[in-house]
Amino acid sequence: MSLPYISIVIPVHNEQEVLESLYKRLIPVMDNMGKPFEILLINDGSKDKTEEMLNEIRLRRPHQIRIIHFNGNYGQHMAIMAGLERVRGEIIVTMDADLQNPPEDIPKLVAKMEEGHDVVGGYRQDRQDRFWRKFLSKSHNIIRAKITPRIPMKDEGCMLRAYRRNIVDVMVASGECSTFIPALALTFAHNPAEVGVSHEARQEGTTSYNLYKLIRYNFDLITGFSLVPLQVFTLIGILVSAASGLLVFYMFMRRIIIGPEAEGLFTLFAILFFLAGLILLGLGILGEYIGRIYQEVLKRPRFVIKSELNPLSENTSHSQQETLTHDA
Ligand code: UDP
Ligand code: MG
């Protein structure tokens, strides 16, 4: 059995409604490309029928489909990471299971990779999502681009992306606990490109992301790839100290020239509240960084694998047994 040329990595979390159509649309695309391929589906602790369905789907193409079951929910990016650790292809494509980015766009990404790029990102044309998601993501994209200028990415929410083997190897070696896969890849890429991909509304199933999770991910992206928030705080700190130094000097002069005054109590309150708010925000940002340092220091495994179903190699295929390896 020859090594795959293309590896597709798909994180799956409670997607029982879409798995069948995913299989039906992805397989023909891959077959038509006429290159050896493998598909890795990582079950990120789904609570619905995803597990049994994945196991069943694998049996239809046991040489090309590999399944990893996590023992809990570790998040989309960790699921992708588990896939990246195991891929054997030269070009690695990540995509969502929910078919919001059509598998039919994969050849487009691969063609772009073959022009010599090491990372090809997709950006969603004509995005079909709720208004608040689009708005949040647009404004966030603008701020994020300013804070992390070294990560050229039009659409950070688009997970239909392709990476070359060497980039995946360094991503895996970096071993971070919480990360943002596309941004991590771009920090190592030397010749990235982007292509427009289509976007469909989620046909079935529901999004696994609520507002809280989205905010957490955005913190991962910003604090994981930039120290700008901390530096902004240092700058604000310097400015505020300078301004209050001037204020103290002014008050002191008034005390000497005019004598004691008790006016301006509320101005004082306002200034104090403003500063208290600023300090809290600063502490919060500091906390984000310290929290990440803490996680890295703990050195806990990033995810725990319950079971892994690997391709049947040719000499074992006479017994229709599944190759189950227990890691956990
Ligand atoms: N996903 C995952 N773990 C999670 C949340 C999501 O593996 O904790 C997968 C999910 O199955 C899908 C992809 O990540 O394949 C994107 O998730 P979703 O479609 O819910 O997010 P959205 O498209 O709404 O941003
Ligand atoms: Mg989706």
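Below you will find a few notes about this structure. Computed from a predicted structure; not experimentally measured.

Looking now at the site of ligand 1. Neighbouring ligand 1 are 18 residues, the closest being E15, D44, D98, T207 and S208. At 2.7 Å, a side-chain N or O of E15 approaches an oxygen atom of ligand 1. Between ligand 1 and Q100 there is a distance of 2.9 Å, counted from an oxygen atom to a side-chain nitrogen or oxygen. If ligand 1 stood free it would expose 530 Å²; the protein chains cover 95% of that surface. Of the residues that constitute the shell around ligand 1, the class distribution is four nonpolar, seven polar and seven charged.

Next up on the list: unusual backbone geometry. Backbone geometry places L99, a non-glycine residue, at a positive phi of 65 degrees. One can find L99 in the loop between β4 (91-94) and α4 (106-114). On the accessibility criterion, L99 (4% relative accessible area) is buried.

Looking at the element boundaries, A242 is found in helix α9 (residues 228-257). Here A242 falls in the partly exposed class, since its relative accessible area comes to 46%. Expressed as a C-alpha distance, the spacing of A242 and V228, which sit 14 residues apart in the sequence, is 21 Å.

Turning our eyes to something else, we now look at the environment of Q64. Here Q64 shows up in the loop between α2 (50-60) and β3 (65-70). For the pair Q64 and L283, spaced 219 residues apart in the sequence, the C-alpha separation amounts to 49 Å. Once you skip the residues sitting within four places of it in the chain, Q64 turns out to touch F37, E38 and I39. Here R61 takes part through its side chain, which lies 2.9 Å from a polar atom of the side chain of Q64.

With that settled, the discussion passes to the coordination of the magnesium ion (ligand 2). At this site the magnesium ion (ligand 2) is bound by D98 (OD) and Q100 (OE1), with donor distances of 1.8 to 2.0 Å. For Q100, a relative accessible area of 11% corresponds to the buried category.

Next up on the list: the pattern of salt bridges. Scanning all chains against the criterion turns up 24 salt bridges. A salt bridge links R292 to D220; its shortest N-O distance comes to 3.1 Å. Separated by 72 residues along the polypeptide, R292 in helix α10 (residues 265-298) and D220 in helix α8 (residues 211-225) bring together distant segments of the chain. The structure contains a network of salt bridges with shared partners spanning E20, K24, E56 and R60.

A separate point is the packing of helix α5 (residues 131-147) against α8. The interhelical angle for the contact between α5 and α8, taken along N-to-C directions, is 15 degrees, at an axis separation of 11 Å. Between α5 and α8, the crossing angle belongs to the class labelled roughly parallel. In the packing of α5 onto α8, the handedness of the crossing is right-handed. The residues of α8 that touch α5, namely those facing W132, R133, L136, H140, R144 and I147, are L211, L214, N218, L221 and I222. Taken together, the residues of the contact of α5 with α8 break down into seven nonpolar, two polar and two charged.

Position of R66 relative to the elements: it lies in strand β3. For R66, a relative accessible area of 7% corresponds to the buried category. A polar atom in the side chain of R66 sits 3.0 Å from the backbone oxygen of R86.

What counts, and where the lines are drawn
- Residues numbered from 1 in each chain as written.
- Chains lettered and ligands numbered in written order.
- Predicted model: local features only at pLDDT ≥ 70, side-chain atom pairs only at ≥ 80, totals over all residues.
- Heavy atoms only, no water.
- Near = heavy atom within 4 Å.
- Polar contact = N/O pair within 3.5 Å; in protein donor to acceptor, adjacent residues only side chain to side chain.
- Areas by Shrake-Rupley, 256 points an atom, 1.4 Å probe, with all protein chains shown as cover.
- Nonpolar A, V, L, I, M, F, W, Y, C, P; charged D, E, K, R; others polar.
- Helix = DSSP H or I, 4+ residues; strand = E, 2+ residues; numbered from the N terminus.
- Buried < 20%, exposed > 50% of the residue type's maximum accessible area, 1.4 Å probe, protein only.
- Contact = heavy atoms within 4.5 Å.
- Donors = N, O, S within 2.8 Å, 3.2 Å for Na, K, Ca; no water.
- Salt bridge = Lys/Arg side-chain N within 4 Å of Asp/Glu carboxyl O.
- Axes fitted to C-alpha atoms, helices over the stretch in contact; angles between N-to-C directions.
- Parallel < 35°, antiparallel > 145°, perpendicular 65-115°, else oblique.
- Left-handed = near helix turned anticlockwise from the far one by under 90°.

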